Amino acid sequence: MTKPRNKLRLATLVALSLLSGLAQADRLDDIKKNGVLRVAAFDSNPPFGFIDPQTKQISGLDVDYAKELAARLGVKLELVPTNPANRIPLLTANKVDIVLANFTITEERAKQVNFSIPYFASGQQFIARKGTLSSPDQLGKLRIGVDKGTTNEIVLREKYPSATLVAYDDTPFAFTALRNGNVQAITQDGPKLIGLLANVPDKDKYEIPPFSISNDLIGAGLPKGETRLTEFVNTSLRELEASGKAQTIYDAWFGPDTKTPLTRIFRIGDK
Amino acid sequence: MDFTVVADNFSYFMLGAWPDGPLGGAALTLALSVVSALASGVLGLVFGIALAMTRGAAHNVLLLGLGFFRAIPVIMLIFWTYFLLPILFGIDVPGTGTVVVALSLIGGSYLAHSVHAGILSLPPGQWQAAAALGLRRGQALRLVILPQALPIMVPSFINQWVALVKDTSLAYVIGVGELSFVATQVSNREMVYPTEIFLFVALVYFIFCSTLELCANRVARRFGTGAG
Amino acid sequence: MLDELLAPKYLGWLIEGFGVTLLLSALVSVAATALGLALCLGRIAPSRLWSWPARAWLSVFRNTPLLVQLFFWYFGASALMPEGLLIWLNTPHHWDLALFGVRWPSFEYLAGFFGLTLYTAAFIAEEFRSGVRGVPAGQIAAAQALGFTPLQVWLNVVMPQAFRISLPPLLGQYMNAVKNSSLTMAIGLAELSYASRQVETETFKTFQAFGVATALYILTIIVIELAGQWLQRRRPAPGAAGA
């Protein structure tokens with residue numbers, strides 16, 4: 001009976017050293033040591049993160065920021081595709097180092113993860129068939145498609161408890177449900193909806209009514225307690241704004257010559 | 001219907017971003033299936049033999065453990081392995097590894113019962129004859145029982161593997177870029193072709209699974225155990 | 001992380017999701033058993049007019065993933081439906097049946113039920129088929145010798161025994177229906193797995209949310225297993241085959 005017990009002791013030791021390793025290590029050092037920055041980004045939400053049909057790689061506004069961060073660290077960038085619901089589990093389960101996926105900063109989330117300073121701002125808006133939705137008062141009577149694991153879902157449930165919510169894995173699923181008539185409206189952050197509608201062949205059938213029901217600030221999500229990594233991201237974001245690089249990234253996806261022209265109302269450091 | 005969307009993205013469906021990125025699509029589905037099939041086969045054999053050779057408390061503990069994996073939905077086990085093992089025990093299993101572990105544990109648990117049933121299906125006289133020849137229990141199993149029982153089990157192994165190929169599609173919930181996942185990515189980008197894309201994806205799985213099933217029937221006929 | 005429990009509100013969500021899971025799996029099991037029986041009869045029919053379509057159905061539905069089938073029914077097939085039918089399916093209708101009104105199910109529910117039933121029926125048909133094969137040929141010959149008509153042979157000799165032989169694997173298929181119903185969360189049906197993800201989103205209590213859901217699934221499987229053992233003891237299969 002000595003053999004199994006030794007094995008058990010060994011396993012305990014290994015587990016303990018792993019755990020203490022997790023507690024002591026500083027993620028910024030780990031990233032530099034491993035030479036890889038693991039970033040979770042959307043793969044189905046143009047222009048924030050989507051699979052480029054030519055390169056077959058994830059690209060978009062969030063990805064451009066990820067590339068800048070990796071370049072500053074002098075490490076390789078590894079992108080992990082995510083949907084909205086997997087963002088926090090990916091961080092808490094130590095599957096990625098940073099989440100750059102249109103991640104709204106909230107107090108509740110801030111208890112689970114660190115946030116950088118905001119690098120984007122938006123408001124929660126809706127897409128509906130033309131003529132079905134003109135004011136927020138109508139929301140309570142509608143069947144509305146939301147994305148699982150988003151603040152949109154929580155905000156809508158709190159503000160319009162009588163609305164029927166159907167949650168999908170990602171915005172395009174919700175939009176397909178809207179197109180098929182399963183829901184009457186879908187909700188997401190305005191810029192994300194604009195990006196979505198820009199890629200729809202029959203976009204003239206739909207509209208984004210000109211009201212929003214919340215104002216959201218978007219930041220990078222980081223593992224809880226990783227102060228140095230958070231500081232690094234904050235500094236980098238400020239420098240990207242100062243050098244004009246942040247504006248270049250914005251213009252590449254929302255500038256006047258793009259499919260989704262949108263005036264830049266928020267600059268890094270505004271809040 | 002307009003299947004140009006399938007033609008345009010064909011290499012992404014088949015190989016993912018490879019060679020410029022990790023292997024994905026149907027190729028990854030195949031790879032995940034083969035590795036999980038082998039692992040589930042080994043687990044099934046080991047636990048099935050253990051079921052046949054154990055009595056009492058050990059037997060019951062084994063039954064309970066196997067029962068757990070037969071009762072939990074695949075999606076739940078994938079979530080547990082991927083998100084909760086790292087939090088609870090600090091064990092980090094990458095996405096592809098998670099799928100292989102979850103599928104082979106579940107597949108192995110089902111197979112263990114088939115293996116057990118296969119061993120039990122042999123008349124007890126076989127064991128007695130082996131014992132009379134002076135073979136120990138382990139030797140009897142290896143030399144007398146298994147060579148007869150294994151062919152009987154072949155159809156249930158292949159049926160389990162067909163189930164396993166289909167279940168690789170659940171890797172989609174944790175973002176592993178197998179066929180179903182890359183298909184939803186493309187469907188999400190193109191927006192208006194879900195019918196065409198999912199019909200095509202179904203066809204690919206159909207080809208994989210029915211090829212396996214054809215093999216099963218052929219093997220079953222060869223061993224005279226009826227069509228699978 | 002382990003010391004915090006879920007607030008009653010969130011437990012309520014999980015219980016509600018569990019109710020949807022149970023109702024959906026029960027409805028699917030009943031419908032799939034009927035459809036599976038019909039498919040089995042078609043499959044073993046002497047005429048190719050019947051057996052080939054049944055064979056094709058079984059092959060297609062058994063050899064493609066349920067997730068892909070659900071995506072197809074929910075997103076793909078509804079894109080093909082005429083707009084009028086879709087609108088009709090999506091608007092709540094009321095039928096007042098004798099005592100209680102029946103609430104019109106959501107389109108997610110319809111698609112989930114439809115997809116799961118077609119899938120499960122294909123597996124149940126095969127279980128029935130091996131049940132029928134398990135009835136000794138001598139019994140049929142004996143019944144014919146006694147002057148039974150072919151229909152009587154089927155109804156009185158083959159079917160009752162085939163049912164008993166297929167009972168254990170049939171229960172296995174019902175368990176699969178419960179577990180497979182978890183996939184309908186991908187098309188927005190608010191069942192147990194969906195509820196657990198939703199609770200996780202709001203509370204971030206991943207462990208508790210998944211833990212409760214997993215426990216409820218396992219509980220359901222255990223109950224079906226026990227019910228099966230009880231049924232088996234009451235009416236053992238002929239010759240104790242398939243035990």
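Residues numbered from 1 in each chain as written. Chains lettered and ligands numbered in written order. Predicted model: local features only at pLDDT ≥ 70, side-chain atom pairs only at ≥ 80, totals over all residues. Heavy atoms only, no water.

Looking at an unreviewed UniProt entry, one finds chain B named Polar amino acid ABC transporter inner membrane subunit and attributed to Thauera linaloolentis. Heading Sequence similarities (unreviewed entry) of the UniProt record for chain B holds this comment: "Belongs to the binding-protein-dependent transport system permease family. HisMQ subfamily." (UniProt positions renumbered as here; feature names shortened; annotations may be inferred.)

Chain A is annotated in an unreviewed UniProt entry as Putative ABC transporter binding protein subunit of Thauera linaloolentis. Turning to chain A, the UniProt record has this under Sequence similarities (unreviewed entry): "Belongs to the bacterial solute-binding protein 3 family."

Chemist: Residue-level account of the packing of helix 7 (residues 171-179) of chain A against helix 8 (residues 190-198) of chain A, with values.
Modeler: Residues and elements named next belong to chain A. Orientation of helix 7 relative to helix 8, taken along the N-to-C sense of each, is 60 degrees, at an axis distance of 11 Å. As the angle between them shows, helix 7 and helix 8 are arranged oblique. The interaxial crossing formed by helix 7 with helix 8 has right-handed handedness. The segment helix 7 lies against helix 8, with Thr171, Pro172 and Phe175 engaging Lys192, Leu193, Leu196 and Leu197. When its residues are assigned to classes, the contact of helix 7 with helix 8 shows five nonpolar, one polar and one charged. (Axes fitted to C-alpha atoms, helices over the stretch in contact; angles between N-to-C directions. Helix = DSSP H or I, 4+ residues; strand = E, 2+ residues; numbered from the N terminus. Parallel < 35°, antiparallel > 145°, perpendicular 65-115°, else oblique. Left-handed = near helix turned anticlockwise from the far one by under 90°. Contact = heavy atoms within 4.5 Å. Nonpolar A, V, L, I, M, F, W, Y, C, P; charged D, E, K, R; others polar.)

Chemist: Outline the interface of chain B and chain C, listing residues and values.
Modeler: Taken together, the contact between chain B and chain C spans 34 residues of the former and 36 residues of the latter. Between chain B and chain C the total buried area reaches about 3,000 Å² when both faces are included, carbon and sulfur atoms providing 75% of it. The largest per-residue losses of area from chain B upon contact with chain C belong to B:Met76, B:Lys166 and B:Phe198, which jointly make up 18% of the total buried on that side. Ranked by the residues each element gives to the side of chain B that touches chain C, the list is headed by helix 10 (residues 194-223) of chain B, at 11 residues. (Buried area = accessible area lost by both parts, 1.4 Å probe.)

Chemist: Hey, could you go over helix 8 (residues 192-203) of chain C for me, with residue numbers and the actual values?
Modeler: Over its 12 residues, helix 8 of chain C extends 16 Å from the first C-alpha to the last, a length consistent with the 16 Å expected when each residue adds 1.5 Å. With 12 of 12 residues buried, helix 8 of chain C is to be regarded as a mostly interior element. Residues of helix 8 of chain C that are buried: C:Leu192, C:Ser193, C:Tyr194, C:Ala195, C:Ser196, C:Arg197, C:Gln198, C:Val199, C:Glu200, C:Thr201, C:Glu202 and C:Thr203. Buried positions along helix 8 of chain C lie against helix 4 (87-92), helix 6 (151-159) and strand 10 (164-168) of chain A, helix 5 (74-89) of chain B together with helix 1 (8-44) and helix 9 (206-234) of chain C. Where helix 8 of chain C begins, the capping side chain belongs to C:Glu191, and its oxygen is found 3.0 Å from the backbone nitrogen of C:Ser193. (Expected span 1.5 Å × (residues − 1). Buried < 20%, exposed > 50% of the residue type's maximum accessible area, 1.4 Å probe, protein only. Polar contact = N/O pair within 3.5 Å; in protein donor to acceptor, adjacent residues only side chain to side chain.)

Chemist: Give me the lowdown on the UniProt feature "transmembrane region" (unreviewed entry) in chain B, citing residues and values where you can.
Modeler: Residue and element names in this part refer to chain B. Look at the UniProt record and you will see "transmembrane region" (unreviewed entry) annotated at residues 23-49, 61-85, 97-119, 140-158 and 197-216. In this annotation, residues 61-85 is assigned 92% helix and 0% strand; the end-to-end C-alpha distance for the span is 22 Å. Along residues 97-119 one finds 100% helix and 0% strand; the C-alpha atoms at either end are 31 Å apart.

Chemist: I'd like a description of the packing of aromatic side chains, backed by residues and values.
Modeler: In this structure the tally under the stated criterion is 32 aromatic pairs over all chains. Where B:Phe79 meets B:Phe83, the ring centres are 6.3 Å apart and the plane angle is 20 degrees; that geometry is what we call stacked. Of this pair, B:Phe79 and B:Phe83 both sit in helix 5, four residues apart, which is roughly one turn of the helix. Owing to a relative accessible area of 1%, B:Phe83 belongs among the buried residues under this scheme. One aromatic cluster is present, formed by A:Tyr168, A:Phe173, B:Tyr172, B:Phe198, C:Phe71, C:Tyr74, C:Phe75 and C:Phe107 through successive ring pairs. It is B:Arg70 that lies over the ring of B:Tyr110; its NZ or CZ is 5.0 Å from the centre. (Phe/Tyr/Trp six-rings, centres within 6.5 Å; stacked < 30°, edge-to-face > 60°. Lys NZ or Arg CZ within 6 Å of the ring centre and 35° of its normal.)

Chemist: Could you give an account of unusual backbone geometry, naming the residues involved and the relevant values?
Modeler: Of note, the bond from A:Pro46 into A:Pro47 is cis; its omega dihedral lies within 30 degrees of zero at 0 degrees. With respect to the helices, strands and loops of the structure, A:Pro47 is situated in the loop between strand 2 (44-45) and strand 3 (49-51). Omega for the peptide link from B:Trp18 to B:Pro19 comes to 5 degrees, which places this bond in the cis form. Among the secondary structure elements, B:Pro19 is positioned in the loop between helix 2 (10-15) and helix 3 (25-53). Its identity is not glycine, yet A:Lys56 carries a phi of approximately 65 degrees, on the positive side. Tracing the backbone through its elements, the reader meets A:Lys56 in the loop between strand 3 and strand 4 (58-59). Residue C:Phe204 is not a glycine yet carries a positive backbone phi of 65 degrees. Looking at where C:Phe204 falls in the secondary structure, it is placed in the loop between helix 8 and helix 9.

Chemist: Run through the interface of chain B and chain A, naming residues and quoting values.
Modeler: With 27 residues of chain B in contact, the opposing surface of chain A contributes 28 residues. Across the chain B to chain A interface the summed buried area is about 2,300 Å²; carbon plus sulfur atoms make up 58%. Considering only the surface of chain B that becomes buried against chain A, B:Asn188, B:Arg189 and B:Met191 emerge as the three largest contributors, covering 29% of it. The interface formed by chain B and chain A includes one salt bridge. With a shortest N-O distance of 2.9 Å, A:Lys95 and B:Asp92 are connected by a salt bridge. Along the contact surface separating chain B from chain A lie 10 residue pairs in polar contact (both at pLDDT 80 or more). Of all the secondary structure elements, the ones that give two or more residues to the side of chain B that touches chain A are helix 2, helix 5 and helix 9 (179-190) of chain B. Residues belonging to the side of chain B that touches chain A are distributed by class as follows: 16 nonpolar, eight polar and three charged. (Salt bridge = Lys/Arg side-chain N within 4 Å of Asp/Glu carboxyl O.)

Chemist: Describe in detail the pairing of strand 10 of chain A, supporting the description with residues and values.
Modeler: Along a regular strand, successive side chains alternate from one face of the sheet to the other. All names here are of chain A. Relative to strand 10, strand 9 (residues 143-147) is paired through five bridges, and the arrangement is parallel. The partner of aspartate 147 across the bridge, within strand 10, is tyrosine 168. With helix 6 bridging strand 9 and the parallel strand 10, this β-α-β connection has right-handed handedness. (Pairing = 2+ DSSP bridges. Right-handed = clockwise from strand over helix to strand, strands pointing away.)

Chemist: I'd like a rundown of the pattern of salt bridges, residues and numbers included.
Modeler: Residues and elements named next belong to chain A. The final tally for this structure, using the stated rule, is 19 salt bridges over all chains. Residue aspartate 202 pairs with arginine 179 through a salt bridge whose shortest N-O separation is 2.9 Å. Within this pair, whereas aspartate 202 is found in the loop between helix 8 and strand 12 (206-207), its partner arginine 179 is found in helix 7, the two being separated by 23 residues in sequence. Overall, the relative accessible area of 15% leaves aspartate 202 in the buried class.

Chemist: Lay out the UniProt feature "domain: Solute-binding protein family 3/N-terminal" (unreviewed entry) in chain A with the relevant residues and their values.
Modeler: Per the UniProt record, "domain: Solute-binding protein family 3/N-terminal" (unreviewed entry) is annotated on residues 36-257 of chain A. Taken end to end, residues 36-257 of chain A has its terminal C-alpha atoms 34 Å apart, with 34% of it in helix and 30% in strand.

Chemist: Could you give me a rundown of the side chain of B:Thr81, with the residues and numbers involved?
Modeler: Residue and element names in this part refer to chain B. With respect to the element layout, threonine 81 can be found in helix 5. Judged by relative accessible area, which is 7%, threonine 81 ranks as buried. Side-chain polar atoms of threonine 81 contact the backbone oxygen of leucine 77, separated by 2.6 Å. Ignoring any residue separated from it by four or fewer positions in sequence, one finds threonine 81 in contact with Pro86, Thr98 and Val101.

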